[in-house]
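Coordinates in review
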Amino acid sequence: MASYHKPDEKTLQGLKDIANKLRINSIKATCASNSGHPTSCCSAAELMSVLFFHTMRYKADDPRNQCNDRFVLSKGHAAPVLYAAWAEAGFVKEADLLNLRKIDCDLEGHPTPKLEFVDVATGSLGQGLGAACGMAYTGKHFDKSSYRVYCMLGDGECSEGSVWEAMAFASYYQLDNLVAILDINRLGQSEAAPLRHDMETYRKRCEAFGWNTYVVDGHDVEELCKAFWQAQQVKGKPTCIVAKTFKGKGLKNIEDLDNWHGKPIPKDRVDDLLNDLQAQIQVPNKTLCPELPSDDTAPADLSPISLPSPPAYKKGDKMATRRAYGTALVKLGQASQRVVALDGDTKNSTFSETFKKAFPDRYIECFIAEQNMVGVAIGCATRDRTVAFASTFAAFLSRAYDQIRMGAISQTNVNLVGSHCGVSIGEDGPSQMALEDLAMFRAIPTCTVFYPSDAVSTERAVELSANTKGICFIRTSRPDTAVIYSPDEKFEVGVAKVVRQSDSDQVTVIGAGVTLHEALAAADMLASEGKNIRVIDPFTIKPLDASTILASARATGGQIITVEDHYKEGGLGEAVLSAVGAEPGIVVTRLAVSGVPRSGKPQELLDLFGISAKHIANAVRQTFAN
């Protein structure tokens, strides 16, 4: 094994000097914005100095280079020290630090990928390590490259369960290219963190989760250099560096005191504190530069991904859209090495296991930890290294809603697939039924919401989502339903299909997934009575094809009925209402699930909640009567 060489005195002094420069610039930036977290920056100054100017390998003029080591600042409120580090590295202009948090500056209060040196947005605490796990897994197993991943967490956020989901994941997959740094500065926002400076308990917890663990003085640059070097030698385990630090380190009458979280230094005290820090800097000129990475990672292949063959179904075949998802994913995997799949121990229900069987090396089992699964998927998708599809029951994605929300801020291109939507899943009962997922994903600003209604449209939804920027959500259903489209049918984001129409249609009925098939059955029922209706499959709920819906509504006397296997709030009906709201003379009747459902057979439940064919037919008859 390689032996450790202690850095020379000049290097050690250079690292101490940089730490104090980071403190100075963090204080100046937060004073200029009159807001921010300077004390949280000061506790991390030596950690950042050693990481960025001794340990990490990266191209300072090309922060998003695929070969660079990755750094995630999970304690995102310490953003000014990250910006100061990149100013020291030469990528950010030092003068720009004084524009922190200003409306026309990308140096925001918490880091976002508007900045080239940020891969994932942080600031909602407890999420950085999950994303770092995804990056490290990608580096080790997909890219098979030497880049390493470093993630800095605060002690306060270690109360978040998502941190420990990520700790379990990293040790299970032996991510020895991952280093977590815990900045144990004792103080939270409103009071001390629960373990304060009980370093032994932190060490035991990290070791119990299977991590190689070092407890260090987080303000001793020599000790940090050695710990980071040791981490690089360890094989088969991730490393956690548990650093004892002090909030506001180096600031007289502020260090380690309560009530300084998120407060800039008062104007009457700034000069004295800055002078104190400046006096400790022995070599003011820049002396240390980061080492360059190994050039062993290929640039991302950004070419579009297409299904290698059209869907192989015939009209009338019965196939659940969740099963068609698995088939489509395998085909995409054949078309591109970048396609990877993740699941939360539901692979035999979501049918991601079809992909696992075909490409075991490109499948990640995340077990029952949906927050972490979404975080890992977002990490896998950073720098366009993979096209990631993560699946579980749609109901359980609600558990990861904060990760999804932050994913939008992260500009992620992750694809989420939720099966078992609505009461049509049947006997499993309400805990398993996704009835709020459309509302959830419609509220996400970068999200495209696919709701395919048969196997053909499901394959095309999977293909389109692989090539669509932003978060994509694909809602799949449990029951087998008839194939209604021919294999060569073209699908586009935001373009609906009119699946049944005549010149004498008097009502437009819009259904999706299972309810589209109920609407078609209702159309047949009504046709036998001499009543014709138009039936629309929206395909995407967001963006919704307002022009097709409006044209059909005008052609059918302004009458629209929406029918959805979802709660009324935020679903298909509300999407249609908002699309036609400015149009006079259009009436929208909404059929949806009301109240908390119960176990029962799928058809019984569709009947019970008034979204089956006979209830659609009755609603249509009602509009005729009116």
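Parameters and conventions
- Residues numbered from 1 in each chain as written.
- Predicted model: local features only at pLDDT ≥ 70, side-chain atom pairs only at ≥ 80, totals over all residues.
- Heavy atoms only, no water.
- UniProt positions renumbered as here; feature names shortened; annotations may be inferred.
- Helix = DSSP H or I, 4+ residues; strand = E, 2+ residues; numbered from the N terminus.
- Axes fitted to C-alpha atoms, helices over the stretch in contact; angles between N-to-C directions.
- Parallel < 35°, antiparallel > 145°, perpendicular 65-115°, else oblique.
- Left-handed = near helix turned anticlockwise from the far one by under 90°.
- Contact = heavy atoms within 4.5 Å.
- Nonpolar A, V, L, I, M, F, W, Y, C, P; charged D, E, K, R; others polar.
- Salt bridge = Lys/Arg side-chain N within 4 Å of Asp/Glu carboxyl O.
- Buried < 20%, exposed > 50% of the residue type's maximum accessible area, 1.4 Å probe, protein only.
- Pairing = 2+ DSSP bridges.
- Right-handed = clockwise from strand over helix to strand, strands pointing away.
- Domains from an automatic or database assignment.
- Buried area = accessible area lost by both parts, 1.4 Å probe.
- Polar contact = N/O pair within 3.5 Å; in protein donor to acceptor, adjacent residues only side chain to side chain.

1. As for the UniProt feature "domain: Transketolase-like pyrimidine-binding" (unreviewed entry) in the protein
When the UniProt feature table is mapped to this numbering, "domain: Transketolase-like pyrimidine-binding" (unreviewed entry) covers residues 319-483. Helix makes up 39% of residues 319-483 and strand 19%, with an end-to-end C-alpha separation of 7 Å.

2. Remarks on the packing of helix α17 (residues 514-527) against helix α21 (residues 613-625)
Taken N-terminus to C-terminus, the directions of α17 and α21 make an angle of 55°; their axes are 8 Å apart at the nearest point. Compared by their axis directions, α17 and α21 come out oblique. As for how α17 packs across α21, the hand of that crossing is right-handed. Contact residues: α17 offers T515, E518, A519, A521, A522, M525 and L526, while α21 offers A613, K614, I616, A617, V620 and R621. Grouping the amino acids of the contact of α17 with α21 by side-chain chemistry returns nine nonpolar, one polar and three charged.

3. Side note on the pattern of salt bridges
Any two side chains of opposite charge can pair, so long as their charged atoms come close to each other. Evaluated as defined, the whole model comprises 30 salt bridges. Residue R23 is joined to E46 by a salt bridge in which the shortest nitrogen-to-oxygen separation is 2.7 Å. Here R23 is found in helix α1 (residues 9-33), whereas its partner E46 is found in helix α3 (residues 45-55), with 23 residues between them in sequence. Per residue, the accessibility class of R23 equals that of E46, and both read buried. For the salt bridge of R475 with D437, the shortest nitrogen-to-oxygen distance reads 2.6 Å. Note that R475 is positioned in strand β12 (residues 472-475) and D437 in helix α15 (residues 437-442), a separation of 38 residues in sequence. Of the two residues, R475 and D437, neither departs from the other in class, the shared state being buried. Salt bridges here are not isolated pairs; linked through shared partners, they connect K6, E9 and E222.

4. Notes on the environment of A496
Residue position: A496 is located in the loop between β13 (480-482) and β14 (497-500). Exposure remark for A496: the relative accessible area of 9% places this residue in the buried category. In sequence terms A496 and L544 are 48 residues apart; their C-alpha atoms lie 7.6 Å from each other. Leaving out residues up to four positions away in the same chain, A496 has contacts with I536, D537, P538, D545 and T548.

5. Considering the pairing of strand β10 (residues 415-419)
Counting buried positions over the five residues of β10 gives five, a clear majority of the element. With burial as the criterion, each face of β10 is covered, one bearing N415, V417 and S419 and the other bearing L416 and G418. The sheet contact formed by strand β9 (residues 387-393) and β10 spans five bridges and is parallel. Within β10, the residue paired with T392 across the bridge is G418. After leaving β9, the chain enters helix α14 (residues 401-409) and then returns to the sheet as β10, a path that is right-handed. Sheet topology note: the β10/β12 ladder contains four bridges and is parallel.

6. Some remarks on the domain arrangement of the protein
Domain annotation of the protein identifies domain 1 (18-280), domain 2 (317-483) and domain 3 (497-623). Taking the mean C-alpha position of each, domain 2 and domain 3 sit 25 Å from one another. Between domain 2 and domain 3, the residue contacts involve 37 residues of the former and 33 residues of the latter. Interface of domain 2 and domain 3: buried area, both sides summed, is about 2500 Å²; carbon and sulfur atoms make up 62% of it. Looking only at domain 2, the three residues that lose the most surface to domain 3 are L435, R442 and Y451, adding up to 28% of its buried area. On the surface where domain 2 and domain 3 come into contact, there are zero salt bridges. Linking domain 2 with domain 3 are 21 residue pairs in polar contact (both at pLDDT 80 or more), by the criterion used here.

7. A short note on the sheet that holds strand β17 (residues 540-542)
Within the open sheet, the seven strands sit side by side as β8-β7-β9-β10-β12-β11-β17. Their pairing is mixed. The strands lining the two open edges of the sheet, one partner per strand, are β8 (363-365) and β17. Put simply, the sheet's adjacent strands are angled 20° from each other on average, direction ignored.

8. A look at the sheet that holds strand β5 (residues 239-244)
The parallel open sheet is built from five strands, whose spatial order is β1-β2-β3-β5-β4. Edge positions in the sheet fall to β1 (70-73) and β4 (212-217), since each of these pairs with one other strand and no more. For this sheet, the mean inter-axis angle between neighbouring strands, taken without regard to orientation, is 20°. Pairing geometry for strand β2 (residues 149-154) and strand β3 (residues 178-184), over six bridges, is parallel. Bridging from a neighbouring strand, Y150 pairs with V179 of β3. With respect to the sheet, helix α5 (residues 128-142) is in contact with β1, β2 and β3, its orientation differing from that of β2 by roughly 170°. The sheet contacts of helix α8 (residues 221-233) involve β2, β3, β4 and β5, and relative to β4 the element is tilted by about 170°.

9. A look at the packing of α1 against α3
Between α1 and α3, the least distance of the axes is 8 Å, while the angle of their chain directions is 125°. When the axes of α1 and α3 are compared, the pair comes out oblique. Crossing of α1 over α3 shows right-handed handedness. Side by side, α1 and α3 meet where T11, L15, I18, A19, L22 and R23 of the first sit next to A45, E46, M48, S49, V50, F53 and H54 of the second. Residues that form the contact of α1 with α3 fall into these classes: eight nonpolar, three polar and two charged.

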